[in-house]
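The primary structure of each chain is shown beneath.
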Amino acid sequence: MKNNTLVHLGLVLLRIVPSAFMLTHGYPKLMNLINGNTEFADPFGIGQAPTLFLAVIGEFICPLLIIIGFKTRWAAIPTAITMLVAGFVIHGADPFGRKEMALLYLTVFVVVMLLGPGKYSVDKS
């Protein structure tokens, strides 16, 4: 890694862009939760409302934390778990093209979890 600035810029892009895209999936879920519409998949039998609440954490709250770089490694865990469930449980029987996006997100957030936020973040690690 000869140029640290480029490495840290790469980490910023890897952190911010997928997290911003993830917000587009989490925001409608957040609005449903706020409006009391808790109809949602319940793959583990814990109830639709708790499952929706966990999805909002993984797809909206944690991506916001990742974008600013606060507790980034920890925030990437719920997001990665949400994508793991989406890819292998919710879309498990679907063709690859249907689960591909969740698996790409999973990969990105695992990499963020492993590499951390870089120096252009609140954590500055």
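Bear in mind that the values here come from a model prediction, so they are computed numbers and not experimental data.

Secondary structure assignment for the chain yields four helices and zero strands. Sequence-ordered secondary structure for the chain, helices as α and strands as β, is α-α-α-α. With respect to the three principal axes, the spread of C-alpha positions in the chain is 50 × 30 × 20 Å. Pairs at least 24 residues apart make up 62% of the contacts formed inside the chain by residues separated by at least 6 positions.

Before going further, it helps to examine the packing of aromatic side chains. Taken as a whole, this structure holds two aromatic pairs when the rule is applied. Ring centres 6.1 Å apart and planes at 45° place the aromatic pair Tyr-27 and Phe-60 in the tilted group. Here Phe-60 lies in helix H2 (residues 48-68) and Tyr-27 lies in helix H1 (residues 4-34), a separation of 33 residues in the sequence. Take Tyr-27: its relative accessible area is 44%, and that puts it in the partly exposed class. We classify Phe-60 as buried; its relative accessible area is 14%. With a centroid separation of 6.3 Å and an interplanar angle of 20°, the aromatic rings of Tyr-105 and Phe-109 are classed as stacked. One end of the pair is Tyr-105 and the other is Phe-109, both in helix H4 (residues 96-115) and four residues apart, which spans about a single turn.

Next up on the list: a nonpolar patch on the surface. Side chains of Phe-44, Ile-46, Phe-53, Leu-54, Leu-84, Phe-88, Val-89 and Ile-90 sit close together on the surface and give an oily, nonpolar patch of about 780 Å² of accessible area. Those elements that place two or more of their residues in the nonpolar patch are H2 and helix H3 (72-90). Per-element accounting of the nonpolar patch gives the leading share, four residues, to H3. Among the residues examined, Phe-53 registers a relative accessible area of 46% and is labelled partly exposed.

Next up on the list: the side chain of Thr-51. Its location among the elements puts Thr-51 in helix H2. Residue classification places Thr-51 among the buried residues on the basis of a relative accessible area of 13%. In this structure the side chain of Thr-51 is engaged in a polar contact, spanning 2.7 Å, whose partner is the backbone oxygen of Gly-47.

Cut-offs used in this document
- Residues numbered from 1 in each chain as written.
- Predicted model: local features only at pLDDT ≥ 70, side-chain atom pairs only at ≥ 80, totals over all residues.
- Heavy atoms only, no water.
- Helix = DSSP H or I, 4+ residues; strand = E, 2+ residues; numbered from the N terminus.
- Contact = heavy atoms within 4.5 Å.
- Phe/Tyr/Trp six-rings, centres within 6.5 Å; stacked < 30°, edge-to-face > 60°.
- Buried < 20%, exposed > 50% of the residue type's maximum accessible area, 1.4 Å probe, protein only.
- Patch = residues over 30% accessible without salt bridge, like charges linked within 9 Å, V, L, I, M, F, W, Y side chains within 5 Å.
- Areas by Shrake-Rupley, 256 points an atom, 1.4 Å probe, with all protein chains shown as cover.
- Salt bridge = Lys/Arg side-chain N within 4 Å of Asp/Glu carboxyl O.
- Polar contact = N/O pair within 3.5 Å; in protein donor to acceptor, adjacent residues only side chain to side chain.

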